[in-house]
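# Topology and contacts: notes
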Amino acid sequence: MTVALETVLLAVGPGDADRIDELSEAVLEVAAPADATVVLAHVFTDDEYDEVLDRLEFETGSDVEPDEVAARHSTIRELGSDLAEHEVEYDVRGTVGDHGPAIVDLALEADADRVLVGGRRRSPAGKAVFGSTAQEVLLSSPCPVTFVRGNE
Amino acid sequence: MYHDVLIPTDGSDDTRRSIEHGLAIAERFDATVHALSVVPEGPLGPLESEEATPAARRAVDHVEFEARRRGVDAVTAVRQGVPHEEILAYADAEGIDAIVMGTQGRTGIDRVLVGSVTERLVRMADVPVVTVRLGDKLRIDDEDEAERIARDALEERGTPAQSVAGSIHRVSGTWRVPFETEDGPLEVRVDGVTEEAAVDSLEADAE
């Protein structure tokens, strides 16, 4: 019984900027040996999106596509460059919405065989928490999910 | 690179897909699979009945059998204690590179909640944790039907069943039906989803 691994969705959000190395290592570990294509996606809530548009000096409400905004994002650019270095094919996507459902929708759309996300956040008290995004993705993903922790 | 992949299992139906994926991952990386089952222990000592330890052993033996069929190296372990603590301790001690597990386990009430062991491992493990949701519903959900399919398989094989030689168990979605045959004791494993049957000769006191 073989299990397919053609498409890997690596979904990042604003909280993943400080664990790019771990995410990069994790996605390469999975995608490179299998010669899989990576869908490299950045998810933004509405507020986060407005913030990024502002930072990247696009006009809020302008006609720029989320895919384009994601491509300009530093986290995506760094991850993309790591993938390119290891000759892993990838496509960049951006989506706007609640993180959990957005990731699940992307996985469905891309027909992903694996989803990779950062799995832990710190609560204000410094406790490692299993947030609503992780829960939503774990319970609704159409394929297995790899949770990657950062070296916090 | 994954050299050692840990597959925790409690033998529940929910582990059928996670074991399949864990083995596929191990196969791809030529890694060793570690099958681990933890007999839960509460603050006053072992919670479960006498059934718990044999059930845990059956759970890990099942993974080993499936690994062998795929040519994947496997080791098995049964521990007693707090499940997530034992799993984390094992992962540390054995240099595990990834953990592959289901999302619900035995106490899964419905699909709205994540099992507590899974949640804790995602939060606390030092290595990537791959979660695999329950797959297809079982098509064979009663013992008699499993026995019938098992008998047919033995007939086809030319070693018809003489008698059922013990209890019929369902482990990780696979029915295990032990028989006495002309060829000695044989066990037929019937996959509860695909209905495929595989025959295993039982070695006396296999460890």
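Residues numbered from 1 in each chain as written. Chains lettered and ligands numbered in written order. Predicted model: local features only at pLDDT ≥ 70, side-chain atom pairs only at ≥ 80, totals over all residues. Heavy atoms only, no water.

The name that an unreviewed UniProt entry assigns to chain B is UspA domain-containing protein, with the source organism given as Halobiforma nitratireducens JCM 10879. Under Sequence similarities (unreviewed entry), UniProt gives the following word-for-word description of chain B: "Belongs to the universal stress protein A family." (UniProt positions renumbered as here; feature names shortened; annotations may be inferred.)

You'll find chain A entered in an unreviewed UniProt entry as UspA domain-containing protein, with Halobiforma nitratireducens JCM 10879 given as the organism. Under Sequence similarities (unreviewed entry), UniProt gives the following word-for-word description of chain A: "Belongs to the universal stress protein A family."

## A short note on the interface of chain A and chain B
Counting from both sides, the interface comprises 25 residues of chain A and, opposite them, 28 residues of chain B. Carbon and sulfur atoms make up 58% of the area that chain A and chain B hide from each other, which totals about 2400 Å². At the boundary of chain A and chain B, one finds 1 salt bridge. Put simply, D126(B) and R149(A) hold a salt bridge, and the shortest N to O gap is 3.0 Å. (Contact = heavy atoms within 4.5 Å. Buried area = accessible area lost by both parts, 1.4 Å probe. Salt bridge = Lys/Arg side-chain N within 4 Å of Asp/Glu carboxyl O.)

## Topic: the environment of T45(A)
Residue and element names in this part refer to chain A. Among the secondary structure elements, T45 is positioned in the loop between β2 (37-44) and α2 (46-55). Each C-alpha atom of the pair T45 and T95 lies 8.4 Å from the other, and the pair is 50 residues apart in sequence. Those residues in contact with T45 that sit more than four places away from it in its chain are V96, G97 and H99. (Helix = DSSP H or I, 4+ residues; strand = E, 2+ residues; numbered from the N terminus.)

## Concerning the environment of R114(A)
By secondary structure assignment, the location of R114(A) is in strand β4 (residues 114-118). Given a relative accessible area of 4%, R114(A) falls into the buried group. Taking the C-alpha atoms as reference points, R114(A) and L138(A), 24 residues apart in sequence, are found 11 Å from one another. Other than its neighbours up to four places away in sequence, R114(A) contacts L5(A), T7(A), V8(A), L9(A), V30(A), C143(A), P144(A), V145(A), T146(A), I25(B) and V130(B). (Buried < 20%, exposed > 50% of the residue type's maximum accessible area, 1.4 Å probe, protein only.)

## Things to note about the packing of helix α5 (residues 99-110) of chain A against helix α6 (residues 132-140) of chain A
Residue and element names in this part refer to chain A. The contact between α5 and α6 brings their axes to 8 Å, and the two run at 30 degrees. The angle between α5 and α6 places the two elements in the roughly parallel class. The hand of the α5/α6 crossing is right-handed. Seen from α5, the contacting residues are H99, G100, P101, I103 and V104; seen from α6, they are T133, E136, V137 and S140. Here the residues of the contact of α5 with α6 are counted per class, giving 4 nonpolar, 4 polar and 1 charged. (Axes fitted to C-alpha atoms, helices over the stretch in contact; angles between N-to-C directions. Parallel < 35°, antiparallel > 145°, perpendicular 65-115°, else oblique. Left-handed = near helix turned anticlockwise from the far one by under 90°. Nonpolar A, V, L, I, M, F, W, Y, C, P; charged D, E, K, R; others polar.)

## Comments concerning helix α5 (residues 143-157) of chain B
Residues and elements named next belong to chain B. The terminal C-alpha atoms of α5 lie 21 Å apart, and with 15 residues this matches the ideal 21 Å at 1.5 Å per residue to within 8%. Considered for burial, the residues of α5 that qualify are A146, E147, I149, A150, A153 and L154. End-on view of α5: buried residues confined to an arc of 165 degrees, all on one side of the axis. Counted as exposed and oriented over 90 degrees from the buried face of α5: D144, E155 and E156. Buried residues belonging to α5 abut β7 (161-164), β9 (174-181), β10 (184-191) and β11 (197-201). Structurally, the start of α5 carries an N-cap: the backbone nitrogen of D144 is 2.8 Å from a side-chain oxygen of D142. (Expected span 1.5 Å × (residues − 1). Arc of directions from axis to C-beta. Polar contact = N/O pair within 3.5 Å; in protein donor to acceptor, adjacent residues only side chain to side chain.)

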